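Survey of secondary and tertiary structure
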Amino acid sequence: LHARGFQLLLCNAHQDVEREREALQSLLGQQVDGLIVSPVDATGSMEAVQAAARARPLVQVDQRIEGLDADWVGVDDERGIRQVLEHLVEQGVKSVGFIGARETDSSGAARHQAFRRLCRHFDLSFSENWIMLGEYSASFGRSAMASMAEQGTLPDALVCGADIIAIGVLQTCHRSGIAVPKDLQVTGFDDIEFADLCTPRLTTVRQPLEAMARQAVRLLLEDGDEASVRLALAPEMTLRESTGKPAS
């Protein structure tokens, strides 16, 4: 944005729909030229984001609201989950679980649905007891993993819908004496900085963040009257020790 002569005003809604509405109204009140928004809730954010899209050029990034007449740029969630499951099959995994975000989160919903669909494709077994949905936080990852461990039988691997959740899972595994990856393989999604700093280092899906940012800015500044655009960019696997020795 700066290279194109624009200044960035950054607001964080902290996953709160009301804060998001207030932030959008404030930015519109300051006569901003356009908006790049990651909607908090796939349905609850509709009214405020739709009103903002009518007032200014608006691009959704990462999260999205289905049916909203606005461009969207994000990662191909299904392709990312496919890459994870393909890797786990190569590691000899037969059974898997999933810990991710609630269905009100568009990316969380897409990853959860892709997980269920692709498990059938790869003939991987899963139990409803091994699927837990909550919030994007390490604390949820810790509590979900603790609940799963209390049930007794664990799957061969756990697919987490976000790295921050996976980091919480790894913390509970360490405290509970569950060896990763020997007893349980764990994967994340995002490839945040901490994924390379936790123990063991986290196998995850890397989002093309710079490409997403460039496309979002391009769509915002080239806003026209044509139909809204949806760009799902390809992710890449990053192999680390949480699923075994990384590939060279």
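Our subject is the structure listed above.
Attention here is on the structure that accompanies the text. Bear in mind that the values here come from a model prediction, so they are computed numbers and not experimental data.

**Details of the sheet that holds strand E2 (residues 58-61)**
The strand order across the open sheet built from four strands is E1-E2-E3-E9, with neighbouring strands paired in parallel fashion. Of all the strands in the sheet, the pair left with one neighbour each is strand E1 (35-37) and strand E9 (230-233). The sheet shows a mean angle of 15° between the axes of neighbouring strands, taken without regard to direction. Where E1 meets E2, three bridges bridge the pair, whose relative direction is parallel. Among the inter-strand pairings, Leu35 is bridged to a residue of E2, identified as Leu58.

**Concerning the nonpolar core**
Core analysis: the biggest nonpolar cluster contains 23 residues, and Ile99, Val169 and Val186 have the highest contact counts within it. Elements represented by at least two residues in this core include exactly helix H5 (138-150), strand E6 (157-160) and helix H6 (163-176). Among the elements that line this core, the one with the most residues is H6, at six residues. In this view, Val169 contacts Ile99, Gly141, Arg142, Met145, Leu158, Cys160 and Val186; residues no more than four positions away in its chain are not counted. Ranked by size, the runner-up nonpolar core spans 18 residues in total, among them Val84, Val93, Phe189 and Val205.

**Remarks on the packing of H5 against H6**
At their nearest, the axes of H5 and H6 sit 6 Å apart, and the two run at 45° to each other. Our classification of the angle between H5 and H6 gives oblique. The crossing of H5 and H6 is right-handed. The segment H5 lies against H6, with Ala138, Phe140, Gly141, Arg142, Met145 and Ala146 engaging Ile164, Ile165, Gly168, Val169, Gln171, Thr172, Cys173 and Arg175. Taken together, the residues of the contact of H5 with H6 break down into eight nonpolar, four polar and two charged.

**Overview of the layout of surface pockets**
Volume-wise, the largest pocket comes out at about 1,600 Å³. Looking at the largest pocket, it is lined by 46 residues, and the ones nearest its centre are Leu10, Ile36, Val37, Ser38 and Val61. Of all the secondary-structure elements, those providing two or more residues to the lining of the largest pocket are helix H1 (17-29), E1, helix H4 (106-121), H6 and helix H7 (209-221). Residue contributions to the lining of the largest pocket peak at seven residues, all from H7. Tallied by class, the residues present in the lining of the largest pocket amount to 29 nonpolar, nine polar and eight charged.

**Comments concerning the environment of Val40**
Relative to the helices and strands, Val40 is located in the loop between E1 and helix H2 (46-55). Those residues in contact with Val40 that lie beyond four places of it in its chain are Ala13, Gln15, Asp16, Val17, Glu20, Ser45 and Thr104.

**Description of H1**
Between its first and last C-alpha, H1 extends 18 Å over 13 residues, near the 18 Å set by a 1.5 Å rise per residue. On its buried face, H1 sits against E1 and H2. The backbone nitrogen of Glu18 lies 2.9 Å from a side-chain oxygen of the residue at the head of H1, namely Asp16. Following H1 by one or two positions, Gln31 has its phi on the positive side, about 60°.

About the thresholds
- Residues numbered from 1 in each chain as written.
- Predicted model: local features only at pLDDT ≥ 70, side-chain atom pairs only at ≥ 80, totals over all residues.
- Heavy atoms only, no water.
- Pairing = 2+ DSSP bridges.
- Helix = DSSP H or I, 4+ residues; strand = E, 2+ residues; numbered from the N terminus.
- Axes fitted to C-alpha atoms, helices over the stretch in contact; angles between N-to-C directions.
- Core = buried A, V, L, I, M, F, W, Y, C linked by side-chain atoms within 4.5 Å.
- Buried < 20%, exposed > 50% of the residue type's maximum accessible area, 1.4 Å probe, protein only.
- Contact = heavy atoms within 4.5 Å.
- Parallel < 35°, antiparallel > 145°, perpendicular 65-115°, else oblique.
- Left-handed = near helix turned anticlockwise from the far one by under 90°.
- Nonpolar A, V, L, I, M, F, W, Y, C, P; charged D, E, K, R; others polar.
- 1 Å grid on protein atoms, 1.4 Å probe; cavity = no way out; pocket = protein on both sides within 12 Å on 5 of 7 lines; lining within 4 Å.
- Points joined across faces, edges and corners; volume = space filled by probe spheres on them.
- Expected span 1.5 Å × (residues − 1).
- Polar contact = N/O pair within 3.5 Å; in protein donor to acceptor, adjacent residues only side chain to side chain.

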